[in-house]
Amino acid sequence: MTIKNETVKQRKFLKSMIDDSYYPKHLVEKGQRLLVALAERIETEAPKGNAVYALTHATTEAFNDLQEEFFEAESEIETMAREAIAEDIGFLLGAYGYEFDIEEAIAPRDW
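All residue numbers refer to position in the chain's written sequence, counted from 1. Only residues with pLDDT of 70 or above have their local features reported here, since the model is predicted, and side-chain atom pairs are shown and tallied only from 80 upward, although totals for entire chains, interfaces and linings are computed over all residues. Side-chain descriptors were evaluated using all non-hydrogen atoms of the structure, hydrogens and water having been removed beforehand.

- The protein chain appears in an unreviewed UniProt entry as DUF5713 family protein from Polyangium sorediatum.

## Things to note about the nonpolar core
Here's step 1: Grouping buried Ala, Val, Leu, Ile, Met, Phe, Trp, Tyr and Cys residues that are joined through side-chain atoms within 4.5 Å yields what is termed a nonpolar core. Residue burial is assigned from relative accessible area. The probe radius is 1.4 Å, only protein chains are included, and a residue is buried under 20% of its type maximum, exposed over 50%, and partly exposed in between. Residues Leu14 and Leu92 are the most contacted members of the largest nonpolar core, which totals 32 residues.
Here's step 2: Only runs of H or I of at least four residues qualify as helices and only runs of E of at least two qualify as strands under DSSP, and these elements are numbered from the N terminus. Put simply, the parts of the chain that give this core at least two residues each are helix H3 (25–45), helix H4 (52–72) and helix H5 (79–95).
Here's step 3: The dominant element in this core, judged by the number of residues it contributes, is H5, at 8 residues.
Here's step 4: Only heavy atoms enter the contact rule, under which two residues are in contact if any of them lie within 4.5 Å. Residue contacts for Leu14: discarding those within four places in its chain leaves Val28, Gly31, Gln32, Leu35, Phe63, Ala84, Ile85 and Asp88.

## Focus: the packing of H4 against H5
Here's step 1: Axes here mean lines fitted to C-alpha atoms, for a helix over just the part in contact, with angles spanning 0 to 180 degrees between N-to-C directions. The contact between H4 and H5 brings their axes to 12 Å, and the two run at 155 degrees. Overall, the two elements H4 and H5 adopt an arrangement that is roughly antiparallel. The hand of the H4/H5 crossing is right-handed. On H5, the residues that touch Val52, Thr56, Thr60 and Phe63 of H4 are Ile85, Ile89 and Leu93.
Here's step 2: Think of it as three bins: nonpolar holds Ala, Val, Leu, Ile, Met, Phe, Trp, Tyr, Cys and Pro, charged holds Asp, Glu, Lys and Arg, and polar takes everything else, Gly as well. For the contact of H4 with H5, the residue count by class is 5 nonpolar, 2 polar and no charged. Each angle gets one of four labels, with under 35 degrees taken as roughly parallel, over 145 as roughly antiparallel, 65 to 115 as roughly perpendicular, and the rest as oblique. The crossing is said to be left-handed when, going from far helix to near helix, the turn is anticlockwise and less than a right angle, and right-handed when the turn is clockwise.

## Notes on unusual backbone geometry
Here's step 1: Here Leu14, not a glycine, exhibits a phi torsion of approximately 55 degrees, which is positive.
Here's step 2: Examined against the element boundaries, Leu14 turns out to sit in the loop between helix H1 (6–9) and helix H2 (15–18).

## Quick notes on H4
Here's step 1: The span expected for a helix works out to 1.5 Å for each residue beyond the first. Here H4 contains 21 residues, and its C-alpha end-to-end distance of 31 Å stays within 8% of the 30 Å for a straight helix at 1.5 Å per residue.
Here's step 2: Regarding H4, the residues found buried are Val52, Tyr53, Leu55, Thr56, His57, Thr59, Thr60, Phe63, Asn64, Leu66, Gln67 and Phe70.
Here's step 3: At its buried positions, H4 is contacted by H2, H3, H5 and helix H6 (102–105).
Here's step 4: Positive phi appears at Glu74, one or two residues downstream of H4, with a value of about 60 degrees.

## With respect to the environment of Phe71
Here's step 1: Looking at the element boundaries, Phe71 is found in helix H4.
Here's step 2: Sequence separation between Phe71 and Leu14 is 57 residues, and the spatial gap between their C-alpha atoms is 18 Å.

Shown next as structure tokens:
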């Protein structure tokens, strides 16, 4: 699927991570794909109100799973990465017109 929202299409997800050599590029790219997939699901499913949290929770849990790969690559989802992920999830929710609580949006995180 191609993202239709022009603001979202222009976004470079996890920019601060891709520019930092501490984070393995291939893992940052996986994270970027998770965020693109979230945008696609929001556009396809168009959940109403807080129902969008089911989608953000699934993405957050996918980042939880990705954390192990970061550890194996001698990296981790630490403060800067947590902020980048949360910022991009918040960006997506805002771009699609949701009023949201970012802590609720990423509630299942273990990073």
